[in-house]
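Read off the chains here:
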Amino acid sequence: MEIHVYDTYVKAKDGHIMHFDVFTTVRDEKKAIEYAKQWLASIGEGDAVVTSKECRFCHSQGAPADVIETINKEGYFIYKMEGCN
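Residues numbered from 1 in each chain as written. Predicted model: local features only at pLDDT ≥ 70, side-chain atom pairs only at ≥ 80, totals over all residues. Heavy atoms only, no water.

Visitor: In this structure, what is going on with the overall build of the chain? I would like to understand it.
Guide: Helix and strand content of the chain: two helices and four strands. Walking the chain from its N terminus toward its C terminus, one meets helices and strands in the order β-β-α-β-α-β. What you see for the chain is a C-alpha radius of gyration of 12 Å, in line with the 12 Å of a compact globule of 85 residues. Out of the 85 residues belonging to the chain, those deemed buried represent 39%. Sequence separation of 24 or more characterises 58% of the internal contacts of the chain that already satisfy a separation of 6 or more. Accessible surface computed for the chain: about 5100 Å², of which carbon and sulfur atoms make up 48%. When the 10 positive and 14 negative side-chain charges of the chain are each reduced to one mean point, those points stand 5 Å apart. (Helix = DSSP H or I, 4+ residues; strand = E, 2+ residues; numbered from the N terminus. Rg over C-alpha atoms; globule rule 2.2 N^0.38 Å. Buried < 20%, exposed > 50% of the residue type's maximum accessible area, 1.4 Å probe, protein only. Contact = heavy atoms within 4.5 Å. Areas by Shrake-Rupley, 256 points an atom, 1.4 Å probe, with all protein chains shown as cover. Lys, Arg positive; Asp, Glu negative; His and termini not counted. Charge placed at Lys NZ, Arg CZ, Asp CG, Glu CD.)

Right, here's the structure in full:
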């Protein structure tokens, strides 16, 4: 399965930068932003600003089985990188 990767940087409540990727099966910037907002709300960062400036398409790639399973269940997968607890 091919997934689309949206590189995302947002400012957390305490001012630090959170860097994560949103993985989706549909190349749709609005959906990727929606998924980023859903995830941020789920971790208590629902007030973070997420627009096309913070969440940008990066590339498409294949995905491992666990990522595909999560996308099939939730619609997206968040790959946490810097500043994500």
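Visitor: What should I look at first to understand the nonpolar core in this one?
Guide: What tends to happen in soluble globular proteins is that the nonpolar side chains get buried as a cluster. By size, the foremost hydrophobic cluster in this structure holds 18 residues, and its most contacted members are Val10, Met18, Phe20, Val22, Trp39, Leu40 and Val50. In terms of residue count, helix α1 (residues 29–42) provides more of this core than any other element does, six residues in total. Those residues in contact with valine 10, other than ones at most four positions away along the chain, are His16, Ile17, Met18, Phe20, Leu40, Ala48, Val49, Val50 and Glu54. Residues Ile3, Val5, Ala63 and Ile71 belong to the second largest nonpolar core, which totals eight residues. (Core = buried A, V, L, I, M, F, W, Y, C linked by side-chain atoms within 4.5 Å.)

Visitor: In this structure, what is going on with the environment of leucine 40? I would like to understand it.
Guide: Inspection of the secondary structure puts leucine 40 in helix α1. Not counting residues within four places of it along the chain, the set of residues in contact with leucine 40 comprises Val10, Met18, Phe20, Glu45, Gly46, Ala48 and Val50.

Visitor: Would you take a moment to explain the sheet that holds strand β4 (residues 77–80) for this structure?
Guide: Whether parallel or antiparallel, the strands of a sheet pair through hydrogen bonds between backbone atoms. Reading across from one edge, β3-β1-β2-β4 is the order of the four strands in this open sheet, with antiparallel pairing throughout. Of all the strands in the sheet, the pair left with one neighbour each is β3 (55–62) and β4. Within the sheet, the average angular offset between the axes of one strand and its neighbour, ignoring direction, is 30 degrees. The sheet contact formed by strand β1 (residues 2–11) and β3 spans seven bridges and is antiparallel. Paired with glutamate 2 across the bridge in β3 is glycine 62. Where α1 meets the sheet, its contacts fall on β1, β2 (17–24), β3 and β4, and the angle it forms with β2 comes to roughly 125 degrees. (Pairing = 2+ DSSP bridges. Axes fitted to C-alpha atoms, helices over the stretch in contact; angles between N-to-C directions.)

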